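These are the residues of each chain, in order.
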Amino acid sequence: LLTSLQLGAKRGVAGSSSNLGGRGLGHTMVLLRMLRCLRVLRLAKFVKWVRPLQLLVGSIVSAMWAVLWVILLTIVFLYAIGLTAARLIGHGYLIEPQDVPPAAVEPFRTV
């Protein structure tokens, strides 16, 4: 279900990029679609008036912050474990250098 403006932009007529000096109707249509998507923000007013909905949105936002912190701490933890394991393996504390198969030494000679 394409509108006539979208069809015109696809065919290169009625204000295409060659007619408007590079900007084009396509960029304008994208901007209008983005502005149309912002109409959803009008629902924020509705959230203020309905107390249970306000509590639900607040709970979801707090849960998202908690998940963000969990992800951040997981990344830091995995990074620290990776550094520690690389040091221990590199200095021969976990695996003796003679026990390492030659196929594993070849790609990681400089490590």
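Before any of the text, the structure's been laid out above.
Residues numbered from 1 in each chain as written. Predicted model: local features only at pLDDT ≥ 70, side-chain atom pairs only at ≥ 80, totals over all residues. Heavy atoms only, no water.

Q: Can you help me understand the overall build of the protein chain in this one?
A: Across its full length, the protein chain carries 5 helices and 0 strands. Shown N-terminal to C-terminal, the secondary structure of the protein chain runs as helices and strands in the order α-α-α-α-α. A total of 111 residues make up the protein chain; the buried ones form 7% of that total. Surface summary for the protein chain: the accessible area is close to 9,900 Å², and the carbon and sulfur share equals 71%. (Helix = DSSP H or I, 4+ residues; strand = E, 2+ residues; numbered from the N terminus. Buried < 20%, exposed > 50% of the residue type's maximum accessible area, 1.4 Å probe, protein only. Areas by Shrake-Rupley, 256 points an atom, 1.4 Å probe, with all protein chains shown as cover.)

Q: When you look at helix H4 (residues 51-90) in this model, what are you seeing that I'm missing?
A: End to end, H4 covers 58 Å across 40 residues, agreeing with the expected 58 Å (1.5 Å per residue, within 8%). Gly 92 sits one or two residues past H4 and shows a positive phi near 85 degrees. (Expected span 1.5 Å × (residues − 1).)

Q: When you look at helix H2 (residues 24-37) in this model, what are you seeing that I'm missing?
A: Since the α-helix turns once every 3.6 residues, residues separated by three or four places project in the same direction. With 14 residues, H2 extends 21 Å from end C-alpha to end C-alpha; this agrees with the ideal 20 Å at 1.5 Å per step. Within the sequence span of H2, burial applies to Gly 24, Leu 25 and Met 29.

The quantities given are spatial measurements derived from coordinates; they are silent on function.
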